[in-house]
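If you want the building blocks of each chain, they are given just below.
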Amino acid sequence: MPLSAPTSPHNHSNASITKVMLQVIIAMIPGIAVYSYFFGWGVLINLTLATLFALIFEMLALKVRQRPIKPFLLDGSAVVSALLLALAIPPYTPWWILLIGAFFTIIVAKQLFGGLGYNPFNPAMIGYAVLLISFPVEMTSWVVPHVIFNFPHDLSNTLSLVFSGALIGGESALDALTMASPLDTLKTQLRLEHTVQEALSTNDIFGTFGGIGWESINFAFLVGGVWLIYKRIITWHIPVGMLAGIIIISFVFYLIDSNHYASPMYHLFAGATILGAFFIATDPITACTSNPARIVYGFLIGILAYTIRTWGGYPDGIAFAVLLMNMAAPTLDYYIQPRVFGYKHGRKHKHRPKK
Amino acid sequence: MLKIWPFHGGIHPPQHKEETSQKPVATVKIPPQLILPVHQHIGQSATPIVKIGEKVLKGQMIAKAEGFVSAPVHAPTSGIVSAIENRVVPHPSGLKALCIVIETDGKDQWHKLDKINDYTVLDPSELRNIIRNSGIVGLGGAGFPSFIKLNPGPGKCVETLIINGVECEPFITCDDLLMRTQAEEIIEGIKIIQYALKAKKCVIAIEDNKAEAIAHIQKNIENEPDIQVASIPTQYPAGSEKQLIQSITGKEVPKDGLAIHVGVIGQNIATTRAVYRAVAYGEPLISRIVTVTGDAINQPQNIDTLVGTPFSYLLSETDAVLEQVERLTMGGPMMGFSVTEFDVPVIKTTNCILAQTTATLPVQQTAMPCIRCGACAEACPVSLLPQQLYWYARADELDRAQEHKLFDCIECGCCSYVCPSHIPLVQYYRYAKGQIWIKEQERKKSDIARQRHEARQIRIDREKAERTAKRNRKKAAMQAKKIANNAQEQAKKQREKVQAFAQTVNNSQISIDPNAETKE
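Let us look at the structure shown here. Bear in mind that the values here come from a model prediction, so they are computed numbers and not experimental data.

This brings us to the side chain of A:Gln111. Residues and elements named next belong to chain A. You can see Gln111 is positioned in the loop between α5 (95–108) and α6 (123–134). A polar atom in the side chain of Gln111 sits 2.5 Å from the side chain of Arg65. If near-sequence neighbours (up to four positions away) are discounted, Gln111 is found in contact with Glu58, Ala61, Leu62, Arg65 and Ile106.

Given below as structure tokens:
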């Protein structure tokens, strides 16, 4: 039989995008488990619906674009984006929120730019940002653990809430059920001229570090994030950069005035900081590509997130910080290049070919 | 043991060494026909000095070196030259090249050999000549004529001689077996090279997966204070020269530089043994150990092979299932190249013949888009940004690719090994390099064309100017002549007038008052 003769290398590690995405999903499991423990079925329903809608939209888009459906549908990237989107949305939100979010995530932010690998912006964050700006009420209606458990919170009631907005008996419970997130509450309190300590002690939604339940959730995501670094799916540069950014800037302001600026520990364990550091900002397609540039990228996300949280109009700035830095990523990549073997500096030399 | 510096990147592919490392080196009968390409080294091809029908003896030179960077070729056994023609040679292009074909007579008669008992009486340049005339080239795979490396150049001092016994590519075990069976000859060869180079110290680098080889070599250098063994952590591409120099000395060979620029000379461990045989026994380079392995082979092993032996001969000796061979590679799976015919000959740089079925080859699949994960940059031993090089090569933005140091890529294959999208990265870089070379050629050509055009213009202008000048001169000459003629005419006319007048005067005898006014 004729011998095949491609050029070297004739060896491969059998890595694949599907394997990478599977590891990311596995790393999210501890966080999702803790999240569901504290917040009930709403979390899992969000995740399931988001995944379903995302895969359907992806299939439709690939069909319209006449691209091969099977490899792209099975690569797992749509699933990961859907999961991240669903984790950012309050549990017990109506189902159509997820539909619109999935549409913007998959169709607008990803497929319209060329599909996997070509999107300049983090798809999950685009979906979240569109929803946050368009539906502020639904998107800021978070629940608190000990409050939900006072209501019927089994699966059928939850499904009923999500799909019809009312419990099975017909009572509309969303107003009683939902309230602002811990970050949101703190912000409002600070605006009302209370100090951080007053805010944290008077409201019963706060735990030791962040909100009740939120600290454990963030810690669980931290475990998942460290797992990802261990498995070499992501590198330490973006998470460490981002956490360093948040810690440094919050520490500076905490030193200046601890009455009006929350402590670094609070910022680390509230909201989506840990999820953002290990799962959202590390989305490889939209982040910087070289490790030195990634540290700066992560650091600036941290600074921006703190800035938006403290002085901006939204309680949690991770999404917008990530989107803003997505814009800056190519520039950072161009100017920050690692030093090549045999050269003294990163960027400068243009190399002529050898004769 | 020496301190080892780490180098950036690298991969750990499955090694596949046990298939062949646990068996002794086999010898095979002399094949009926040997095919000797005249170009088995870096540099200019050798020129045949034998004729068809001529009888040759073992070790006789059959092709002489041409130019400085070149090496001669010797007959691996006695026989008759049956042809000097183009045959398919082991090369990525699969093209044919000039070969000397010998029909062996089985007698294995040696040519006269010049043994040297004490090489220290010789000047290093004489040693280099012996090594050159023995056709010794780098046996690690590059095939650079060794005698050139043994002359570091005026003013250059060799701090460290590194002997490369790393053998980091999967499957290959020929150097491992050589170290375990010929350790004494290797050390003697190293001493000869040290004498020629006046190196201050010598380090023998061996990967730590070869514990037996390390032990053998260590035993033989017990009494040599200047020679040490360095145990290199098993990793691909630890045996790549620049990475090895970094591991042992901590220094990086500067861009566009050579090992000697950091005071190092590197030699493959098999080359050192060949040097010993050449100097002490007068034997030219006519054989080497070849690892014949791969899952299409039932009895993989190392074989002491005569240069020029067809691959098919060795494959039949190792019970290969030819119908199942999907790919036949010369070298290892990371940097070896595929050959398309079973009858290509073993050359001096053939360290391994790898015959694989589809079961052990990576599945050919369409590449997915790049997800910018950066795994390639993590694996690159040169700290390049393979993903950037890929985008620029794909978009034909060759200037940007050069800015990202495309030509520093050593094409080791670590990047495409780890790529989750299965992108054929190394192929893109080869394409980009090729395009840039073509552009350079075209630029040079157009430079020359432009120079010639300008010279031609100058010449044309000059000729034109000359012609114009000539015309002008002619014109001027004609003018002058005309004026002269006119003047003559005038003068003549004047004279005639005067004569006529004088005549009239004579005829009329009128006296003339020269001061009177003339009425004309």
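Now, onward.
Let us now look at the nonpolar core. A:Met28, A:Phe279 and A:Tyr297 are the most contacted members of the largest nonpolar core, which totals 88 residues. Contacts of A:Tyr297, omitting those with residues within four sequence positions, involve A:Ile238, A:Ala281, A:Thr286, A:Ala287, A:Cys288, A:Val322, A:Met325, A:Asn326, A:Ala329 and A:Leu332.

On the chain B side, the residues contacting the 51 residues of chain A number 72 residues. Summed over both sides, the interface between chain A and chain B buries roughly 5,400 Å², with carbon and sulfur atoms accounting for 54% of that surface. Inspection of the region where chain A meets chain B yields three salt bridges. For the pair chain A and chain B, the number of links is 28 residue pairs in polar contact (both at pLDDT 80 or more).

Let us look at the sheet that holds strand β4 (residues 55–56) of chain B. Residues and elements named next belong to chain B. Strand order across the open sheet formed by four strands is β2-β8-β7-β4, with antiparallel pairing between neighbours. Each having just a single partner strand, β2 (33–37) and β4 make up the two edges of the open sheet. Note that β2 and strand β8 (residues 96–104) share five bridges and pair antiparallel. Across the sheet, the residue bridging to Leu36 is Ile100, located in β8.

On to the pattern of salt bridges. Residues and elements named next belong to chain B. Tallied over the entire structure, the rule returns 27 salt bridges over all chains. Residue Asp114 is joined to Lys112 by a salt bridge in which the shortest nitrogen-to-oxygen separation is 3.2 Å. The two residues Asp114 and Lys112 agree in class, both being exposed. The salt bridge partner of Glu207 is Lys210, with a shortest N-O separation of 3.8 Å.

Residue and element names in this part refer to chain B. With parallel pairing, four strands are arranged side by side in an open sheet as β11-β10-β9-β12. Edge positions in the sheet fall to β11 (227–232) and β12 (264–268), since each of these pairs with one other strand and no more. Across the sheet, the axes of successive neighbouring strands diverge by a mean angle of 25°, strand direction being ignored. Both strand β9 (residues 160–165) and strand β10 (residues 201–207) contribute to a ladder of six bridges, which runs parallel. Counted as the bridge partner of Ile162 is Val203 from β10. Along the sheet, helix α7 (residues 241–249) makes contact with β9, β10, β11 and β12, crossing β9 at roughly 120°. The strands that helix α8 (residues 269–281) touches are β9, β10 and β12; relative to β12, the one it contacts most, it runs at about 80°.

Cut-offs and rules
- Residues numbered from 1 in each chain as written.
- Chains lettered and ligands numbered in written order.
- Predicted model: local features only at pLDDT ≥ 70, side-chain atom pairs only at ≥ 80, totals over all residues.
- Heavy atoms only, no water.
- Helix = DSSP H or I, 4+ residues; strand = E, 2+ residues; numbered from the N terminus.
- Polar contact = N/O pair within 3.5 Å; in protein donor to acceptor, adjacent residues only side chain to side chain.
- Contact = heavy atoms within 4.5 Å.
- Core = buried A, V, L, I, M, F, W, Y, C linked by side-chain atoms within 4.5 Å.
- Buried < 20%, exposed > 50% of the residue type's maximum accessible area, 1.4 Å probe, protein only.
- Buried area = accessible area lost by both parts, 1.4 Å probe.
- Salt bridge = Lys/Arg side-chain N within 4 Å of Asp/Glu carboxyl O.
- Pairing = 2+ DSSP bridges.
- Axes fitted to C-alpha atoms, helices over the stretch in contact; angles between N-to-C directions.

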